[in-house]
Amino acid sequence: MTLRNIPRHWKLCIALSSLLSFWSTGTGLQACYYRAENEELRYMLFNPDLLQDRAWWSFFYSAHAQAFNGQYYSTRDEDQLIADWIAAVGASPADTAAAWACVFGAPSDSTLAVNAFYKKLKQKPAVLACYQALKQYEDLAAFEPAWFDADEKPEPEVYDVALQRVSTLLAREQNPFLQKKYAFLLTKLAFYAPDRVLFNATYNRYFKNVATPGILDWWAMHYKAMTLEGSYTDSANYFHARVFSHATAKMMVSRQFFSRRNMSGVLALAKENSTRADVYVLQEAINPGRSLEGIRQVYTLAPDHPHLPMLIGREVNKFEDWLGTTRYVDATVSPRDYWGERAVMGNWQRDRQYLDEFVKALQAMDDLAKRYPAYMNLVLANLSLMQGNGQAAALHLDLVPTTDPVVAYQVTAFRTVQITLQEDVRDRAVQEKLGALYKTLLADRVGQFESQKILFSLNTYLRYTFARAGLVGLAGLFDHYAVDKFCYSCVTYGTFEYTLIRYLDRYASTADLEALLNVYNRADKNTLEEILLKPHAHPHYFQDLLATKYLRKGDVVNALATLRRIPDGFWSTFANAQYYLDRDPFTVNEELLAGQTMITYTKREIVEKLYALDTAAAQDPHQRARHYFMLGNAWFTFTTHAWFMLSYGDGSATPDDGVYAIGYMNSRKYFKKALEVEQDRDKRAKIIYMLAHLSESKKEKVEYARQYEQYETTAFYGRRNCLTLHDLAQKN
């Protein structure tokens, strides 16, 4: 549960990281060890894959250069090519898997012998010959040597032979399907040879200005774009934009090579509305900032552009990041270059105004609403929620059919937020409604796209909302779900016990914790309370924290009353609790050269003794000096070796150094009381030494130091003879 044995410079980092705002995720505790990953902290309730187009996955808005690091892609192009092969050999759709294995795999002869597609392929000699040529040269037509194997590239003579043979095959082929295959093979061989003259001649004859381009036409355009890189950048970018919009297999490479440096020059090459729209699409697909103007251009030029919904989804996720990550997660926005050095809240206000502008623009795009009714209603519902307009969001949600589980999950998440905007979350009937929705989201999350991120975001939103409503206890339970269940990189370097109370330690008052315990002990919990308290098998961690909070206020009576509700057996199950209190806080004090003892206590036993000593001191004048001295010593050691009485982080970790203020204050109070009645000179020397050590003002510290010098004949003074007046006056 603590950070006891850590280097001093790490403790300083943790102290700095504790300066968090009220709505923190709590991840600051780990800042010096491991920072939570930006993409995981990004607030995102809107599922960008509602239209379930895998080709878009790598281009969703993300903290990374590419979403999911660009590892996902669509096989739509390859699927179409396989369908063409099946048609060419007279096979059936049932042979699709077999065709995939033949065309895009590397099957052995024995495998081919039993392959259903290949059996039919052999019945078409011309098609078989083309297939065999493609397989023969597929490695040669895709050789891109890395720096470490550049010497392994085939000799030019090898390419010359291949180019000559494929050129011959192409020249005598009359079948359009096979002709296209040979032409594309020749184009690739010429690209990698390289033979730019042959490449351009083949490209211009078979692939340039095709009336109805197919997959190979777009793939050939990709290679054309690559031949222009470095020499004709605008033309290369134009071709990259065209390919991006029409060839799923080449989207990533087109995105990687595309540059927005001279967009006017690129747009000048586009002679038709559809081609200009393609340029704007790729421009906005890589734009981490505002894209409304580009989206407007695409909608005006080509309202039916297939990638337009992706751009809108990207913008929705940007709004969630810009407005939600900063407010609900208390983290910075994801992209590192977001608006340069502007202040976050300055961004927030401007982006909130931009949200209104964006919503107004979308509402005017009637064609989109007709083409994608459910999608656009979900988009506008979410944007309305971000505007704080629950009523408008509800109207849009009411129009969305929920027969599709993906859509239903999204509607449920949005309904949860909508209810918090229109109803009072302090009302237990409202909590019951929220609990039912929340339960559904937890139960149905498996298989839903990015459900973990959606649930992390929803929990951070609910944490913020419930805290603002004064339900800090429930907010702490939402924090546990958000940080410890739905954020893999939100590593917390504490024990399991502390993860259950981290947020409450930082933000809850004693009244908040008393209210939470009342909820815990309530027999008729609502659904939301049942779910949120499910990770908590018993209330003792809450009770321990409540007692600790009372001690931080110096309220020993209420701390003791709380600890007495915890069974003694609990402390042996509390990770390291006994280890943290392995020295007697009433007698062990390194400042007074009082070392180890064999006595250990539980937290309750220490508070019992605090109460007993204070009571006895008031009743028995003969023991008063001794009891007050022990109380002063105890409160002081609560800031040193017995820090577990006031903190969960050995000083600066949780929640901050302020938790020790009561320890210093009460220690001074009791040592002063002891000094008033103590007659023994050696003991008075110890008390004065501690008061000099604990004094807040330099003037008072020097005064006690001078008094201490009057006890130079005592045994204690002799044992500490290295501490001169100057040492004490300077000691902090």
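Residues numbered from 1 in each chain as written. Predicted model: local features only at pLDDT ≥ 70, side-chain atom pairs only at ≥ 80, totals over all residues. Heavy atoms only, no water.

Things to note about the overall build of the protein chain
Scanning the protein chain for helices and strands turns up 39 helices and zero strands. Considering the protein chain as a whole, with its 732 residues, one finds that 55% of them fall into the buried category. Across the protein chain, the fraction of contacts at a sequence separation of at least 24, relative to all contacts at a separation of at least 6, is 66%. A total accessible area of about 32300 Å² is found for the protein chain, and carbon and sulfur atoms account for 51% of it. (Helix = DSSP H or I, 4+ residues; strand = E, 2+ residues; numbered from the N terminus. Buried < 20%, exposed > 50% of the residue type's maximum accessible area, 1.4 Å probe, protein only. Contact = heavy atoms within 4.5 Å. Areas by Shrake-Rupley, 256 points an atom, 1.4 Å probe, with all protein chains shown as cover.)

Re helix H26 (residues 496-507)
Burial within H26 is extensive, with 11 of its 12 residues counted as buried. All of the buried residues along H26 are Glu497, Tyr498, Thr499, Leu500, Ile501, Arg502, Tyr503, Leu504, Asp505, Arg506 and Tyr507. Residues of H26 that are buried make contact with helix H24 (451-468), helix H25 (472-485), helix H27 (510-521), helix H29 (540-552) and helix H31 (570-573).

Digging into helix H7 (residues 125-137)
An α-helical turn contains 3.6 residues, so any two residues separated by three or four positions project in the same direction. End to end, H7 covers 18 Å across 13 residues, agreeing with the expected 18 Å (1.5 Å per residue, within 8%). When we look at burial in H7, the residues that qualify are Val127, Leu128, Cys130, Tyr131, Ala133, Lys135 and Tyr137. Looking at the packing, one finds that the buried side of H7 touches helix H3 (76-89), helix H4 (96-103), helix H5 (109-113), helix H6 (116-121), helix H8 (156-172) and helix H9 (176-192). (Expected span 1.5 Å × (residues − 1).)

Some remarks on unusual backbone geometry
Looking along the chain, the bond that leaves Ala193 and enters Pro194 is cis, with omega of -10°. In this fold, Pro194 is placed in the loop between H9 and helix H10 (196-206). If you check the backbone angles, Glu450 has positive phi at about 55° while not being a glycine. Position of Glu450 relative to the elements: it lies in the loop between helix H23 (428-443) and H24. Owing to a relative accessible area of 24%, Glu450 belongs among the partly exposed residues under this scheme.

Here we look at the environment of Tyr203
Among the secondary structure elements, Tyr203 is positioned in helix H10. Each C-alpha atom of the pair Tyr203 and Leu186 lies 9.2 Å from the other, and the pair is 17 residues apart in sequence. Every residue in contact with Tyr203, bar those within four places of it in the chain, is listed here: Lys208, Ala220, Met221, Lys224 and Phe239.

Considerations on the environment of Asp139
With respect to the helices and strands, the residue Asp139 is situated in the loop between H7 and H8. Spatially, the C-alpha atoms of Asp139 and Leu189 are 9.8 Å apart, while their sequence positions differ by 50 residues.

Considering the nonpolar core
Counting 239 residues, the largest nonpolar core has Phe117, Leu189 and Leu383 as its most contacted members. Look past the residues within four positions of Leu189 in its chain and what remains in contact with it is Tyr137, Leu140, Ala141, Tyr159, Ala162, Leu163 and Val166. (Core = buried A, V, L, I, M, F, W, Y, C linked by side-chain atoms within 4.5 Å.)

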